[in-house]
Amino acid sequence: MSLSIGIMYAVAALFTALGAGLLLSLTRPSAPGKVYAFRMIGIMALSLGIVLLMSASAMWRWSVAA
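Quick caveat: nothing in here was measured; it's all calculated off a predicted structure. (Residues numbered from 1 in each chain as written. Predicted model: local features only at pLDDT ≥ 70, side-chain atom pairs only at ≥ 80, totals over all residues. Heavy atoms only, no water.)

Peer 1: What exactly am I supposed to notice about the nonpolar core here?
Peer 2: Soluble, globular proteins show a tendency: their nonpolar side chains are buried together. With five residues, the main nonpolar core is built from Ile5, Met8, Ala12, Leu52 and Ala56. Contributions of two or more residues to this core are made by helix H1 (3-24) and helix H2 (32-65). At three residues, H1 tops the list of elements feeding residues into this core. Setting aside anything within four residues of it in sequence, one finds Leu52 in contact with Met8, Val11 and Ala12. (Core = buried A, V, L, I, M, F, W, Y, C linked by side-chain atoms within 4.5 Å. Buried < 20%, exposed > 50% of the residue type's maximum accessible area, 1.4 Å probe, protein only. Helix = DSSP H or I, 4+ residues; strand = E, 2+ residues; numbered from the N terminus. Contact = heavy atoms within 4.5 Å.)

Peer 1: Looking at this structure, I do not really get the UniProt feature "transmembrane region" (unreviewed entry) in the protein. What am I missing?
Peer 2: UniProt records the feature "transmembrane region" (unreviewed entry) at residues 6-24 and 36-60, using the numbering of this structure. Taken end to end, residues 6-24 comprises 100% helix and 0% strand; its first and last C-alpha atoms sit 27 Å apart. Span residues 36-60 is 100% helix and 0% strand, its end C-alpha atoms 36 Å apart. (UniProt positions renumbered as here; feature names shortened; annotations may be inferred.)

Peer 1: It is not clear to me how H2 should be interpreted in this structure. Could you clarify?
Peer 2: What sets the pattern is the α-helix's 3.6 residues per turn: residues three or four places apart point alike. Over its 34 residues, H2 runs 49 Å from end to end, which matches the ideal 50 Å to within 8%, given 1.5 Å per residue. The secondary structure elements touched by the buried residues of H2 are H1. (Expected span 1.5 Å × (residues − 1).)

Peer 1: Whenever I open this one, a nonpolar patch on the surface confuses me. Can you help?
Peer 2: There is a patch of nonpolar side chains on the surface, built from Tyr36, Met40, Ile41 and Met44 and spanning about 420 Å² of accessible area. Looking at where Met40 falls in the secondary structure, it is placed in helix H2. By relative accessible area, which is 35% here, Met40 ends up partly exposed. (Patch = residues over 30% accessible without salt bridge, like charges linked within 9 Å, V, L, I, M, F, W, Y side chains within 5 Å. Areas by Shrake-Rupley, 256 points an atom, 1.4 Å probe, with all protein chains shown as cover. Salt bridge = Lys/Arg side-chain N within 4 Å of Asp/Glu carboxyl O.)

Peer 1: Would you mind showing me how to read the packing of H1 against H2 here?
Peer 2: A pair of packed helices can be characterised by two numbers: the angle between their axes and the separation between those axes. Relative to each other, H1 and H2 sit at 155°, their axes nearing to 7 Å. Judged on the interaxial angle alone, H2 and H1 are roughly antiparallel. Seen from above, H1 lies across H2 with left-handed handedness. Of the residues belonging to the contact of H1 with H2, the class tally is 22 nonpolar, seven polar and one charged. (Axes fitted to C-alpha atoms, helices over the stretch in contact; angles between N-to-C directions. Parallel < 35°, antiparallel > 145°, perpendicular 65-115°, else oblique. Left-handed = near helix turned anticlockwise from the far one by under 90°. Nonpolar A, V, L, I, M, F, W, Y, C, P; charged D, E, K, R; others polar.)

Take a look at the structure:
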């Protein structure tokens, strides 16, 4: 695994954890604006983490196959 793929995995883990943390924090009652912002940012961060994870995995497979 190259350094760039490792960095992609680390960033993917960071954004996935951040998104999951924001969404899990919505279990406590909060103001409507905070709920809206945490839901929006949490879903986007979680999605970014998942997409980066898929991209890093694909790059790793392509680099091994070549």
